[in-house]
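Residue-level listing of the chains:
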Amino acid sequence: MWSKSRGLHSNVMGYLGGIGWAILVARVCRDNPQMAPNQLLNRFFEFYRDYEWGPENQITLCPIANDPNVVSFAIDPDLLYKPDSKDLMPIITPAFPSMNSTYNVSASTKNVMLLEFEKAAMITSELNKNKGNSVITWKRLFKKFPFFRAYEHFIEI
């Protein structure tokens, strides 16, 4: 819901698709099983804001499944995952054959996502710190990105 309201849910546009977002959520939930949902949200945004993204530091849920001997049919070697220096935010699928679900992420979309992680981390941190005594509400986290207003200075009349 958050990624859609912030305009970040689109693999085609260079952001993350549903698989990528699901793997990110699963990783944080798996690594923090004792946290309450509000704490998990804050942990999610802080973890990925601070993560050292790059081709050699992939997000995975399990070891990368690339052994073609696990199946009884031939697998084209091009289908097997290999780190690529062009992968800016590699999120690797857990099923065989493993692959990067975020191959479309560009430098600009990565920067937008990191900025949105930062904003969301600040919001969730404030909400968790003040326990209902804040002027910020949970609605603020899911506020729709004002696309046309944000880019109106590019439009000539």
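Residues numbered from 1 in each chain as written. Predicted model: local features only at pLDDT ≥ 70, side-chain atom pairs only at ≥ 80, totals over all residues. Heavy atoms only, no water.

Participant: Please clarify how the packing of aromatic side chains should be interpreted in this entry.
Facilitator: What describes a pair of aromatic rings is the distance from one ring centre to the other and the angle between the planes of the rings. Counted under the stated rule, the structure contains 14 aromatic pairs. When the centroid spacing of 5.5 Å and the interplanar angle of 45° are considered together, the rings of Phe47 and Tyr51 count as tilted. For Tyr51, a relative accessible area of 13% gives the class buried. Taking 6.4 Å as the distance between ring centres and 55° as the angle between the ring planes, the aromatic pair formed by Tyr48 and Tyr51 counts as tilted. Summarising the burial analysis for this pair, Tyr48 and Tyr51 share the class buried. (Phe/Tyr/Trp six-rings, centres within 6.5 Å; stacked < 30°, edge-to-face > 60°. Buried < 20%, exposed > 50% of the residue type's maximum accessible area, 1.4 Å probe, protein only.)

Participant: Where do I start with the side chain of Asn100 in this structure?
Facilitator: Its place among the elements puts Asn100 in the loop between α3 (37–50) and α4 (107–130). Of note is the side chain of Asn100, whose polar atom sits 2.8 Å from the side chain of Thr102. Aside from chain neighbours lying at most four places away, what touches Asn100 is Tyr81, Asp87, Met89, Pro90, Ile91 and Ile92. (Helix = DSSP H or I, 4+ residues; strand = E, 2+ residues; numbered from the N terminus. Polar contact = N/O pair within 3.5 Å; in protein donor to acceptor, adjacent residues only side chain to side chain. Contact = heavy atoms within 4.5 Å.)

Purely spatial values, then, with no claim about function.
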